[in-house]
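Each chain, written out:
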Amino acid sequence: MLLLDETYDEDTRRKVTESLGNIAVGNEEVINRLILLLDETYDKDTRRKVTESLGNIAVGNEGAINRLILLLDEISDYYTHESVTESLGKIAVGNEGTINRLILLLDETSGFYNRGRVADILGKIAVGNEGAINRLILLLDKTSDEYTRQSVADIFANIAVGNEGAINRLILLLDKYSHYNTHDSVADSLGKIAVANEEAINRLILLLEETSDGYTRRKVADILGNIAVGNEEVINCLILLLNETSDKYIRREVADSLGNIVVGNEEVINRLILLLDKTSDEYIRQSVANIFANIAVGNEEVINRLILMLDETSDEDTRQIIANSLGNIAVGNEGTINRLILLLDETSDGYTRRKVANSLGNIAVGNEGALNRLILLLDEIDKNNRWRVAESLGKIAVGNEGALNRLILLLDKYSDYYIRKIIADSLGNIAVGNEEVINRLILLLNETSDYYIRKIIAESLGNIAVGNEGAINRLIQLLDETSDEDTRQRIANSLGKIIATKQQYNQVVSALKFNLTSRFFYHKEFFYQITWYCSQNLTYPEFYMAWHSEKSNIWKILWKHLNRPIF
């Protein structure tokens, strides 16, 4: 600390300050010296470092708290302000004197930015503090300043969850003032502190009816989706708004909110179906289809109505949304699968086809019709969408020879990084024990040097190649070839899955001995991991023989395969 008295070098001051912030918790002398340093320097980086250190060592210290509050008026630097806010949030939690001074400062200051800083601090130190909440309510009663109202509303969002007094006062703000920024701040706060509060919900419904501002309507719709689960009045209001508005952003927000609050509600589902029956508006159709994706899983009536809607529309956006919704709610539904297959024939739109392929990947596991159509689709679409089809086949085509052969053919045909990555991953899900696939993935390791593809291949072989000698040998070789830590870890994990016999445990121990004993070989931890795993499956005599098997034919064969010299 003496060094602070001896130097004016700001870099030295910052380093000393940082060190003191780590070692001098609660030390009064250090705290007082750092407070003094705030008076001695105007360097913003040094001041920021001092505030950070005080935040670490000066919990409850009145001098530090007072000086940091004073510093708020002295600084304009954003990052220093953030540091002061964070530090006061650590050292002044529940401090009544600090809370009182900050509320007074909130009332006195005229700058929007300064109010925001005070609000941030109060939001950290006055959580649940009844005295602070009551004083802020009193401040709302006596102020006529819009910015002060907005700041108090923002503070309540952090400190007054479930507080009836705060909720009621915010509702009163909505009744008395029409400024849209105040409405936004109040609505935001009610969305955080008034979950299931009937009075708040009713007032927000009224706000929806009173305002024509699109942003406020979207915000209120979003808030009601979070605080009014199952509320019939809110549901009615949102459905009415969905039908009345032409603003696509409001519709999207309403759809999301209804999706949150009406899951499984048969009456609402029936009313939305009725809305579909009487409208030809594509935006309404899209909004309702989006809602169904969240609330109508397995509902036959909804599924049938969405299938019918595919017959009623040729709009590609609507088709895409319906396909996506059916992919969420119609798992295993034959009618849906067949209709989506038909949609692939009806449209040439690449994005629609991609959506359909993705949905079939979710709902059509083992379905021959879907498998065959997706295999055919691989030849019909561009490479930018082909990966999505390959991904879907990886979900639904477990053990299907036609799909496996077609994916192998794709590997032969395309060198595109993304397609190869997706296919390698997909084959790891559907080709357990398939020799042809295993051999093709081993070959792909030789064809590519991309570490990410190699990582995926290693993982896929770990899923499908249990007991396969070629896969085990190639993964050991890959462990030697790569320096990527994540790839090595995946290889180690995969070898742990696929080594299956005593002979293989012996072979692997013998093969890895060179890497573990060579003083020129680094990054040995993964070799230790695999060797340890093998040792747990061998008796001590068996492990000893494997470790000292330099002259065994098995060892020579394996090392010849790995192209290593025998010493």
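Preceding block: the structure.
My aim in this report is to walk through the structure given alongside it, one point at a time. In this text, all values refer to a predicted model and were calculated from it rather than measured experimentally.

### Overview of helix H30 (residues 485-498)
Okay, step 1: For H30, with 14 residues, the first-to-last C-alpha span of 20 Å sits near the 20 Å given by 1.5 Å per residue.
Okay, step 2: Taken residue by residue, H30 has Thr487, Arg488, Ile491, Ala492, Ser494, Leu495 and Ile498 as its buried positions. Along the long axis of H30, the arc covered by the buried residues comes to 170 degrees, so they all point the same way.

### What to know about unusual backbone geometry
Okay, step 1: The phi dihedral of Ala196 falls on the positive side, at around 65 degrees, and the residue is not glycine.
Okay, step 2: Positionally, Ala196 belongs in the loop between helix H12 (180-193) and helix H13 (198-210).
Okay, step 3: In this structure Ala196 comes out as exposed when scored by relative accessible area, which is 52%.

### What to know about a negative patch on the surface
Okay, step 1: Among the surface-exposed residues, Glu82, Glu86, Asp120 and Asp154 lie close enough to one another that they form a single negatively charged patch.
Okay, step 2: Tracing the backbone through its elements, the reader meets Asp120 in helix H8 (residues 112-125).
Okay, step 3: What makes Asp120 partly exposed here is its relative accessible area of 37%.

### Focus on the packing of aromatic side chains
Okay, step 1: One pass over the full model with this rule turns up 3 aromatic pairs.
Okay, step 2: Members of the aromatic cluster, connected to one another through ring pairs, are Trp387, Tyr417 and Tyr418.

### A look at the packing of helix H7 (residues 96-108) against helix H9 (residues 130-142)
Okay, step 1: In contact at an axis separation of 11 Å, H7 and H9 are set at 15 degrees when each is read in the N-to-C sense. In terms of orientation, H7 and H9 fall into the roughly parallel class. Crossing handedness for the pair H7 and H9: right-handed. In contact with Glu96, Ile99, Asn100, Ile103, Leu106 and Asp107 of H7, H9 contributes Ala132, Arg135, Leu136, Leu139 and Lys142.
Okay, step 2: Of the residues belonging to the contact of H7 with H9, the class tally is 6 nonpolar, 1 polar and 4 charged.

### With respect to the environment of Ile133
Okay, step 1: By the secondary structure assignment, Ile133 is in helix H9.
Okay, step 2: Other than its neighbours up to four places away in sequence, Ile133 contacts Gly128, Phe156, Ile159, Ala160, Asn163 and Ala166.

### Observations regarding a nonpolar patch on the surface
Okay, step 1: Residues Tyr540, Tyr544 and Met545 make up a contiguous nonpolar surface patch of about 410 Å² in total accessible area.
Okay, step 2: Within the secondary structure, Tyr540 sits in helix H33 (residues 540-547).

Criteria and thresholds
Residues numbered from 1 in each chain as written. Predicted model: local features only at pLDDT ≥ 70, side-chain atom pairs only at ≥ 80, totals over all residues. Heavy atoms only, no water. Helix = DSSP H or I, 4+ residues; strand = E, 2+ residues; numbered from the N terminus. Expected span 1.5 Å × (residues − 1). Buried < 20%, exposed > 50% of the residue type's maximum accessible area, 1.4 Å probe, protein only. Arc of directions from axis to C-beta. Patch = residues over 30% accessible without salt bridge, like charges linked within 9 Å, V, L, I, M, F, W, Y side chains within 5 Å. Areas by Shrake-Rupley, 256 points an atom, 1.4 Å probe, with all protein chains shown as cover. Salt bridge = Lys/Arg side-chain N within 4 Å of Asp/Glu carboxyl O. Lys, Arg positive; Asp, Glu negative; His and termini not counted. Charge placed at Lys NZ, Arg CZ, Asp CG, Glu CD. Phe/Tyr/Trp six-rings, centres within 6.5 Å; stacked < 30°, edge-to-face > 60°. Axes fitted to C-alpha atoms, helices over the stretch in contact; angles between N-to-C directions. Parallel < 35°, antiparallel > 145°, perpendicular 65-115°, else oblique. Left-handed = near helix turned anticlockwise from the far one by under 90°. Contact = heavy atoms within 4.5 Å. Nonpolar A, V, L, I, M, F, W, Y, C, P; charged D, E, K, R; others polar.

Geometry only, nothing functional implied.
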